[in-house]
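# Coordinates in review
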Amino acid sequence: MRESHIAIVLGTRPEIIKLSPVIRAAESRDLPFTLIHTGQHYSEELDEVFFEELMLPRPDYNLAVGSASQGKQTGEMLAGIEDVLTDDGADVVLVQGDTNSVLAGAIATAKLDPKLGHVEAGLRSYDRDMPEEVNRVLTDHASDYLFAPTESAAENLHGEGVDEERVFVTGNTIVDAVQQNRTIAADRSSVLSRLGLSEGGFVLMTAHRAENVDDRDRFVDMLAGVAQVGAEFDLPVVYPIHPRARDRIDQLEISVPDSVRLVDPLDFLDFLRLEDTAKLVLTDSGGVQEETCILGTPCVTMRDSTERPETVDVGANVLVGTDSRAILGGAEQMIDQSGAWPNPFGDGTAAEEILDVIVQHG
């Protein structure tokens, strides 16, 4: 019997990181695969360097779509992915997460012959104002294989009427990625010395979501709250800033508090090292909520909802919104947590389990 040929669609830094264990596992099994890079993140610092750093093969196709309105960006990706899949002969297409690349890959695949697999299926914030929520719901309901990271994610899918035989609880590939790269980051990354930081002696901030950085009042409140956290605990705050967020600071004429130190985007190993050694992380990123939970670093999430409720349930994370006083309160609650909570995202074998399903059912 012919082995299943897999096409893997990715386009952003988190997708590259979370799919890297799947790519490595496919290589180790000699399973044929094609990498389709949409180019959704068009900054070299944000994604292309990760292929080299994570020792991954270069993409077979790079659509180089770049930045545009959501409709135009998704439409260009859809057309490009469809062209590739029409010629590639893939049996299964894998997408991961909730970006426009995921939605475009899902729609393109649903109109063609290959089966669709959604890695990290079943996450729900129940906030339809978030474009990511719409992307993940539509992708789940178009998928043939739904690789849920947790039992609660699988329950979300069952509650929406998804056939149980299409749902597979595999754990989250971010556990695989963190376990594979944590020691490497400690050995190879010099980010602490470069930035003049010490282990446990700083606060790490990330903020990039459109609902936060496109709204001047919310962004200003977030920055003020983070600055208050730094002042309260006498710790420097480091903010590796996404180019889009930096553009919003300029366009919205936002004054960044002196105590919040903006640094250029970091590669994966450097960022993982900061997550691993920070006293506290303040974020609006779903992926960062997962990574800090796995690493044992306390997290405060500056959003009104989360699709990673497991991080809150185990005590690794608290959800506070963007009010500056609430951010400070969340930091006071979390900063001295021991990090001894259980990891709800699996044992680091998600990639192998995903490929097992594809080989057995493909």
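The structure under discussion appears in the preceding block.
Residues numbered from 1 in each chain as written. Predicted model: local features only at pLDDT ≥ 70, side-chain atom pairs only at ≥ 80, totals over all residues. Heavy atoms only, no water.

## A word on empty space enclosed by the protein
Here the structure, examined in full by the defined rule, presents one cavity of 30 Å³ or more. What lines the largest cavity is simply Gln96, Val119, Glu120, Phe147, Pro149, Thr170, Gly171, Asn172, Thr173 and Ile354. (1 Å grid on protein atoms, 1.4 Å probe; cavity = no way out; pocket = protein on both sides within 12 Å on 5 of 7 lines; lining within 4 Å. Points joined across faces, edges and corners; volume = space filled by probe spheres on them.)

## Focus: the pattern of salt bridges
Where charged atoms from two side chains of opposite charge come close, those side chains can pair. All told, the structure shown has 24 salt bridges when counted by the stated rule. When the shortest N-O distance is used, the salt bridge between Asp356 and Arg29 registers 2.6 Å. Note that Asp356 is positioned in helix H16 (residues 350-361) and Arg29 in helix H1 (residues 13-29), a separation of 327 residues in sequence. The salt bridge partner of Arg136 is Glu133, with a shortest N-O separation of 2.3 Å. In this pair, Arg136 and Glu133 are both assigned in helix H5 (residues 131-142), three residues apart and thus about one turn of the helix distant. Summarising the burial analysis for this pair, Arg136 and Glu133 share the class buried. Overlapping salt bridges bring together Lys18, Asp98, Glu120, Glu132, Glu133, Arg136, Arg209, Glu290, Arg303, Glu307 and Arg308 as one network. (Salt bridge = Lys/Arg side-chain N within 4 Å of Asp/Glu carboxyl O. Helix = DSSP H or I, 4+ residues; strand = E, 2+ residues; numbered from the N terminus. Buried < 20%, exposed > 50% of the residue type's maximum accessible area, 1.4 Å probe, protein only.)

## Concerning the sheet that holds strand S12 (residues 299-301)
Strands sit in the order S10-S9-S8-S11-S12-S13 across an open sheet of six strands; the sheet is parallel. The sheet terminates laterally at strand S10 (260-263) and strand S13 (317-319), the two strands that pair on one side only. Looking at each pair of strands side by side, their axes are set apart by 20° on average, direction ignored. Relative to strand S9 (residues 237-240), strand S8 (residues 203-205) runs parallel, the two being bridged by two bridges. The residue bridging Val203 from the neighbouring strand is Val237, located in S9. (Pairing = 2+ DSSP bridges. Axes fitted to C-alpha atoms, helices over the stretch in contact; angles between N-to-C directions.)

By themselves these figures say nothing about function.
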